[in-house]
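Examination of the molecular architecture
Letter by letter, the chains look like this.
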Amino acid sequence: MSKLQEVADLTERGKAKLIGAAVQGALDEGTPAPEILNTMIDAMGVVGEKFKRNEIFVPEMLVAARAMKKGVEILKPHLAGDNTVSAGKLIIGTVAGDLHDIGKNLVAMMLESAGFEVIDLGVDVPIEKFVETVKENPDVKIVCLSALLTTTMPAMKDTVAALAAEDFRSNIKIMVGGAPITQEFADEIGADAYTADAASAAEKAKELAA
Ligand code: B1M
């Protein structure tokens, strides 16, 4: 089994203690860091499919998530870009009711790598917390919202509406993303931008902050 296949296998099986060495091994073999990251993202897709087919359950999803987080820790320095020039400040969080944070953390990491100062509010973030944090940080340029569940898409819509109702709306941009989110949904709820993955989120943020 190649090191890359091992990374996929260990992610799927949630082997957090072993994955670091496999990721390091793949890097040592010369596999580019983004390819290793995509392998782990695909493995999480496999985990999701198995969950949907009732072949695995929430605890297995959870250990897979832990393994992926460990793997990303090893990859992080290899994915980071030039962040010597500040691109501005932004806020990121997973919307209320939603506990998924791997995608949000990847987006935050890519934004940091692109030079942004990132205020990460975590998961299950109440609407008021986003509003309050913008008020406390008047130099914030962008608010980034992540949602992974169809059931938390309404919370994303309500968060955008609450931010839009504030006087600061014209000074900030709102970016949204996450597996169930589409450009159509982003347009419908009045977000300024939608991107499908972490790398394009960082590119779009640079455009919006320019
Ligand atoms: Co959950 N879960 N989960 N889960 N989980 C999904 C999302 C699901 C699709 C699985 C499935 O059924 N196939 C399904 C949602 C179905 C739906 O809504 N239609 C689901 C479900 C049902 C649930 C529970 C309800 C299960 C239950 O309790 N019965 C429950 C809900 C808990 C809650 O949030 N209230 C639940 C719980 C969990 C765990 C806690 C066990 C765990 C999360 C742990 C954690 O995040 N710390 C978990 C996991 C791991 C998953 C899957 C398997 C993997 C998610 C993931 O991390 N993917 C997932 C299946 C899947 O995605 N195929 C699933 C890898 C990650 C890199 O991708 O987050 O999509 P993703 O991020 C991408 C893009 O979406 C994008 O960039 C990233 C890639 O570059 N992106 C943005 C994300 N945010 C962005 C923001 C942007 C731009 C891009 O701009 C601001």
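Quick caveat: nothing in here was measured; it's all calculated off a predicted structure. Each chain carries its own residue numbering, running from 1 in the written order of its sequence. Local features in this predicted model are restricted to residues of pLDDT 70 or higher, and side-chain atom pairs are both shown and tallied only at a pLDDT of 80 or more, whereas totals for entire chains, interfaces and linings draw on every residue. Water and hydrogen atoms play no part in the side-chain values, which are based on all heavy atoms of the structure.

This brings us to the overall build of the protein chain. Each helix corresponds to a stretch of at least 4 residues labelled H or I by DSSP, and each strand to a stretch of at least 2 residues labelled E; elements are numbered beginning at the N terminus. Along the protein chain, the regular secondary structure elements total nine helices and five strands. Counted from the first residue to the last, the protein chain has its helices and strands arranged as α-α-α-α-β-α-β-α-β-α-β-α-β-α. C-alpha atoms define the radius of gyration, and 2.2 Å times the number of residues to the power 0.38 defines the globule rule. By the compact-globule yardstick of 17 Å for 210 residues, the protein chain fits well, its C-alpha radius of gyration being 18 Å. In what follows, a contact means two residues having at least one pair of non-hydrogen atoms within 4.5 Å. Counting contacts in the protein chain only where the partners sit at least 6 residues apart, residues at least 24 apart contribute 72% of the total. Reported accessibility uses the Shrake-Rupley method at a 1.4 Å probe radius. Residues are deemed covered only where the shown protein chains occlude them. For the protein chain, the computed accessible surface area is about 10,600 Å², with 54% contributed by carbon and sulfur atoms. Under this rule, positive means Lys or Arg and negative means Asp or Glu; His and the chain ends count for nothing. Where a charge lies is defined by one atom per residue type, namely NZ (Lys), CZ (Arg), CG (Asp) and CD (Glu). Each charge class in the protein chain was averaged separately, 21 positive and 32 negative side chains, and the resulting centres sit 4 Å apart.

In a packed pair of helices, the relevant descriptors are the angle between the two axes and the axis-to-axis distance. To obtain an axis, a line is fitted to C-alpha atoms, over the contacting stretch when the element is a helix, and the angle between two such axes runs from 0 to 180 degrees between their N-to-C directions. At a closest axis distance of 9 Å, the pairing of helix H2 (residues 16–28) and helix H3 (residues 33–52) adopts a crossing angle of 140°. Judged by the angle between their axes, H2 and H3 are oblique. For the pair H2 and H3, the sense of crossing is right-handed. Together, Ile-19, Val-23, Ala-26 and Leu-27 of H2 and Ala-33, Ile-36 and Met-40 of H3 make up the contact between the two elements. Only Asp, Glu, Lys and Arg are considered charged in this grouping, and only Ala, Val, Leu, Ile, Met, Phe, Trp, Tyr, Cys and Pro are considered nonpolar; every other residue, Gly among them, is considered polar. For the contact of H2 with H3, the class distribution of residues is seven nonpolar, no polar and no charged. The cut-offs work like this: below 35 degrees is roughly parallel, past 145 is roughly antiparallel, 65 to 115 is roughly perpendicular, and the gaps in between are oblique. Note on convention: the crossing is left-handed when the near helix lies turned anticlockwise from the far helix by less than a right angle, right-handed when the turn is clockwise.

Another point: the packing of helix H5 (residues 102–113) against helix H9 (residues 198–209). Closest axis-to-axis distance for the H5/H9 pair is 8 Å, and the angle between their directions is 45°. Our classification of the angle between H5 and H9 gives oblique. Crossing handedness for the pair H5 and H9: right-handed. Taking contact as the criterion, the partners of Leu-106, Val-107, Met-110 and Leu-111 in H5 are, on H9, Ala-198, Ala-199, Ala-201, Ala-202 and Ala-205.

This brings us to the sheet that holds strand S1 (residues 88–94). If you trace the five strands from one edge of the open sheet to the other, you get S2-S1-S3-S4-S5, paired in parallel fashion. Because the sheet does not close on itself, it has two edges, and the strands there are strand S2 (116–120) and strand S5 (193–194). Across two bridges, the pairing between strand S4 (residues 173–177) and S5 is parallel. Bridge assignment links Met-175 to a residue of S5, and that residue is Ala-193. Along the sheet, H9 contacts S1, S2, strand S3 (140–146), S4 and S5; its crossing angle with S4, the most-contacted strand, is approximately 170°. Any two strands with at least two DSSP bridges between them are considered paired.

Let's shift gears to the site of the ligand. Neighbouring residues of the ligand: 37 residues in total, closest Leu-99, His-100, Asp-101, Ser-146 and Thr-150. Measuring from a nitrogen atom of the ligand, one finds a backbone N or O atom of Gly-97 at 2.9 Å. Taking Ala-179, its main chain carries an N or O atom lying 3.2 Å from an oxygen atom of the ligand. Those elements giving two or more residues to the shell around the ligand turn out to be H3, helix H4 (58–79), H5, S3, S4 and H9. Residues are classed as near a molecule or strand on a simple rule: at least one heavy atom within 4 Å of it. Here a polar contact means two N or O atoms within 3.5 Å. Within protein one must be a hydrogen donor candidate and the other an acceptor candidate, and residues neighboring in sequence count only if both atoms are side-chain atoms.

Topologically, Pro-32 is positioned in the loop between H2 and H3. With 101 residues separating them along the chain, Pro-32 and Thr-133 place their C-alpha atoms 37 Å apart.

In this model H4 runs 29 Å from its N-terminal to its C-terminal C-alpha over 22 residues, within 8% of the 32 Å that 1.5 Å per residue would give. The seven residues ending at a residue and the seven starting there each receive a fitted axis; the angle between those axes is the bend at that residue. A bend of about 35° at Glu-73 is the largest found in H4, and the proline Pro-77 appears one to four places after it. Burial classification: accessible surface area is computed with a 1.4 Å probe over protein chains only, and a residue below 20% of its type maximum counts as buried, one above 50% as exposed, and the rest as partly exposed. Listed in full, the buried residues belonging to H4 are Ala-64, Ala-65, Ala-67, Met-68, Gly-71, Val-72, Leu-75 and Leu-79. The secondary structure elements touched by the buried residues of H4 are helix H1 (3–12), H2, H3 and H5. Here the expected length of a helix is defined as 1.5 Å per residue gap, with one fewer gap than residues.

Keep in mind that water is not among the atoms, so a site may look incomplete; donors are the N, O and S atoms within 2.8 Å of the metal, or 3.2 Å for Na, K and Ca. Of all protein atoms, just one serves as a donor to the cobalt atom of the ligand, and that atom is His-100 (NE2), at 2.2 Å. As for its position among the elements, His-100 is in the loop between S1 and H5.

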